[in-house]
Amino acid sequence: MAGLVNNLLILFLVFQNICLGFRSPLSVFKRYKDTTRSLSSECLGSDRPVISLGLSDFALDIRMPGVTPKQSDTYLCMSVPLPVDDEAYVVDFKPHASMDTIHHMLLFGCNEPSSAENYWDCDEGTCKDKSNILYAWARNAPPTRLPKGVGFRVGGETGGRFFVLQVHYGDISAFRDKHKDCSGVTLHLTHQKQPLIAGMYLMMSVNTVIPPGEKVVDADIACHYKRFPMHLFAYRVHTHRLGKVVSGYRVRNGQWTLIGRQSPQLPQAFYPVEHPVDVNYDDILAARCVFSGEGRTTETRIGGTANDEMCNFYIMYYMEAKHAVSYMTCTQNANPEMFRNIPQEANIPIPVKSDMLKVTHGHHEETKGTDKSSLLQQAKKEEEEILDQGDFYSLLSKLLGEREDVVHVHKHNPTEKAESDFVAEIANVVQKKDLARQITNHDERDNTILVRDRIHKFHRLESTLRPPENRHFSLRQPKHGEGSWEKGHTGDFHIEEAVEWPGLDLKLGQVSGLALDPENNLVIFHRGDHVWDENSFDSKFVYQQRGLGPIEQNTILVLNPSNAKLLHSMGKSLFYLPHGLSIDKNGNYWVTDVALHQVFKLGAHDKEPLLILGVALQPGSDRNHFCQPTDVAVDPITGSIYISDGYCNSRVIQFSPKGLYVMQWGEGTETSLGRARPGQFHIPHSLALIPDFSQLCVADRENGRIQCFKLGTGEFIREIKHKSFGRELFAVSYVPGGFLFAVNGMPYPGEAEPVQGFVMNFSTGEIIDTFIPLRKNFEMPHDVVASEDKTVFVGDVHARAVWKFASIEKVEHRSVKKAGIEVQEIKESETIVEARLKNTPESADHLKKQEKQHLVQQASTGVSFVLITTLLIIPVVVLLAILLFIWWKKTTVYGVE
């Protein structure tokens, strides 16, 4: 009897525990986290535990397999395969590391680790294929905390199948006892699709100058937001020693809403946004850094060393998964006048205790006499309130040149300067070493390059975490999509012709150049009644039709981009054969004339040129002559002038803002040697200046490729070339936000590549969309220009027409397989993004409602299972209890008798 009762009780308790276990998988993970023991002296060996946390969740422990570094600044790597084949989401992290043992650790995701060994020296690299950083830890940071429903995507058809852990052992004095280290991180993963994806928005001042002794200097940043709604949940501020306070705001209809405000002299962590802020289309994001130049004897500029300054405001956000963008940047001040109304709090410094200053600048100041234990205790109290520097985005800030944080100097050459190309620097920071930078005696040009490199670093981060061959100058990038790219491989938008635009019916001459002025009006450069044909030039490139005189029509037309209404026209009796057109930040027109062999700078309303380069009707190849120059690009930061020259010269020439020769680079393509080498041109036909990346990209027409060079030096950075370009690539245009647009030429006989427009990811060079007109056909698209909202204009020299294309939102998707990759293909293209967002102000509320419904559905799944299980168990328990009572009663009665 007693045994039966015991068995029934055990059975009941087992069922109860099962029910409680299914009640909350997350609670199980929390209990797992609380009870996980520290493995500082014993390690997991080769057995990497995968712990089930319910039906859809699991934990993965990733640890170093018991290593003992033998010298300081050792970087060791190890890999762990993703234990599942399908898509999963990382929703939580728990680091197992101490600053006493390691300097920092990084977690990468990829498909093929650099080694199959249990662990290896990271000098061999982390991954053989592209690698993406998933997590970073440093300085005793608490676990990364993500809001509910937000995660990082891994696995599946496109995600990495391996995790690679890289640990940097800085000072190995802690290993004097020869103990084995098993630092690492525990991941909480789920198969449940996360409705929200996290990202970062970086606001950065690039041209601030702090005069010596000046008490208050403001650095202001502001940009219009032109994307889908995002929700802000954390922020971080960063300056060097002169920063007093940094504040960030959302400005909507003149109302300033605080995102975050903090002293940059406090621990520069990610702090939660106290009152969550949403940002919608056409809002303004604004930030101000307040500096003081007191104590300095020279000017202080933006730069990467401890003696320079920085003004950064980082915003962590999440977006709906289908519209998510991993990062965005703002480096300008779009509306200086608005800062007259900035809240007064933004100008008030935040007091900082001296002991906190020592914590912040501990790598530069001695901490003698400081009670280290009290400082650690104070830091511990803050762990529950802040998102510290151990999360993914801390790494970004480290890579952005915060050199005052670097402890371990390059062990082979402590005074070595950073390499001129940031690709190599990123490779060193991520793969192996922290380089110490000592830059002195800056002149104006050096400071400008510093500013550009500062911006360049952030934008190049993603592309530099690619295979090793992408990190050097003398190479082309991998052929992203070459041969296997298909139109279904698109991004979050698609480019289609705006068929209602009446500009296609304009009566134009040969359209040679297009540009957008500062008001976003479309400017067209055309040839009127002149044509370029076989009779235009002799064998020495001298123009043969001077008797026709200059073009009598206005060759420059300014149109309203919405309705093609003519706003202004000019250029009558100035040109013979117009070619390239660009517009600088001040609204000046820069044009080239291939017949005159000259370059002109024109004011928007001036009848006479402001500047003329070259000698009229005289072709040449020296510093004072051009030969059929094709295009111009003007650096908005320095004012430097870059000219592609051209049809009979194969070079790019740099001039000062006043038109003085500075330098040139390039040479003709030696066709006998086969493939054109970097820096060789066969008609440099179009220029796209990318100040955010510190690059100038050239459409190398007859070589069918894009070549990109470093501003100021002309050093080759990379080539973008795709089979779908065909033999000719006519024009290239860049849009802030990382998009590159281009048009190619007609295919040669027997070749299949069609004439079309391309949209590319600038960081990777990958084609993400193509477009062709619906009305008429491309004949020889000669120039392309695009605006930030991805409105694209294409001018055709043979069709004598200009097309307008618009960015179309993807509304309905279906999963398809193309080239072995699962992608989201549009089912029906619908409305333009801007129109939809502007006409549906309730979109943000609708998004919140969808998020809430999704989370409720997730919770209801667990509740349903618990309810069903409970209803099945209760009758069994009740029946057993009744049977037990009847048996006991009968036994008692028969026993008495």
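Each remark here, short or long, concerns the structure printed above.
Bear in mind that the values here come from a model prediction, so they are computed numbers and not experimental data.

Counted under the stated rule, the structure contains six disulfides. Here cysteine 627 engages in a disulfide with cysteine 648; their sulfurs sit 1.7 Å apart. Judged by the torsion about the S-S bond (-100°), the cysteine 627/cysteine 648 disulfide is left-handed. Linking cysteine 627 in the loop between β30 (611-613) and β31 (629-634) with cysteine 648 in the loop between β32 (641-645) and β33 (651-655), this pair joins segments that are 21 residues apart in sequence. Residue class for cysteine 627 comes out buried when judged on its relative accessible area of 4%. Note on cysteine connectivity: cysteine 697 is disulfide-linked to cysteine 708, with sulfurs 2.1 Å apart. In this structure the cystine formed by cysteine 697 and cysteine 708 twists about its S-S bond by roughly 105°; its chirality is therefore right-handed. One end of the pair, cysteine 697, is in strand β38 (residues 695-700); the other, cysteine 708, is in strand β39 (residues 705-710), with 11 residues separating them in the sequence. Side by side, cysteine 697 and cysteine 708 carry an identical accessibility label, which is buried.

Turning our eyes to something else, we now look at the environment of alanine 752. The residue alanine 752 is located in the loop between β42 (739-744) and β43 (757-761) in this model. Judged by relative accessible area, which is 69%, alanine 752 ranks as exposed. For the pair alanine 752 and glycine 726, spaced 26 residues apart in sequence, the C-alpha to C-alpha distance is 8.3 Å.

Attention now moves to a negative patch on the surface. A cluster of acidic residues, Glu117, Asp121, Asp123 and Glu124, forms a negative patch at the surface. Within the secondary structure layout, glutamate 117 lies in the loop between β5 (104-110) and β6 (120-121).

A few words now on the pairing of strand β46 (residues 792-796). Among the five residues in β46, five count as buried, and that is most of the element. Of the two faces of β46, the one lined by Val792, Val794 and Asp796 and the one lined by Phe793 and Gly795 are each fully buried. As paired elements, strand β45 (residues 781-786) and β46 share five bridges and run antiparallel to each other. Bridge pairing in β46 places proline 781 opposite aspartate 796. The hairpin turn running from β45 into β46, its antiparallel successor, is five residues long, and lysine 790 in that turn takes a positive phi close to 65°.

With antiparallel pairing, four strands are arranged side by side in an open sheet as β31-β32-β33-β34. Every interior strand has two partners, whereas the edge strands, β31 and β34 (661-665), have only one. The average angle at which neighbouring strand axes cross in this sheet is 20°, direction not considered. Sheet topology note: the β32/β33 ladder contains five bridges and is antiparallel. The residue of β33 that forms the bridge with isoleucine 643 is isoleucine 653.

Now for the side chain of aspartate 61. Mapped onto the fold, aspartate 61 is located in strand β2 (residues 57-63). Engagement of the side chain of aspartate 61 in a polar contact is seen with the side chain of arginine 63, the distance being 3.4 Å. There is a polar contact of 2.3 Å between the side chain of aspartate 61 and the side chain of threonine 186.

Criteria and cut-off values
Residues numbered from 1 in each chain as written. Predicted model: local features only at pLDDT ≥ 70, side-chain atom pairs only at ≥ 80, totals over all residues. Heavy atoms only, no water. Disulfide = S-S within 2.5 Å. Helix = DSSP H or I, 4+ residues; strand = E, 2+ residues; numbered from the N terminus. Buried < 20%, exposed > 50% of the residue type's maximum accessible area, 1.4 Å probe, protein only. Patch = residues over 30% accessible without salt bridge, like charges linked within 9 Å, V, L, I, M, F, W, Y side chains within 5 Å. Areas by Shrake-Rupley, 256 points an atom, 1.4 Å probe, with all protein chains shown as cover. Salt bridge = Lys/Arg side-chain N within 4 Å of Asp/Glu carboxyl O. Lys, Arg positive; Asp, Glu negative; His and termini not counted. Charge placed at Lys NZ, Arg CZ, Asp CG, Glu CD. Pairing = 2+ DSSP bridges. Axes fitted to C-alpha atoms, helices over the stretch in contact; angles between N-to-C directions. Polar contact = N/O pair within 3.5 Å; in protein donor to acceptor, adjacent residues only side chain to side chain.

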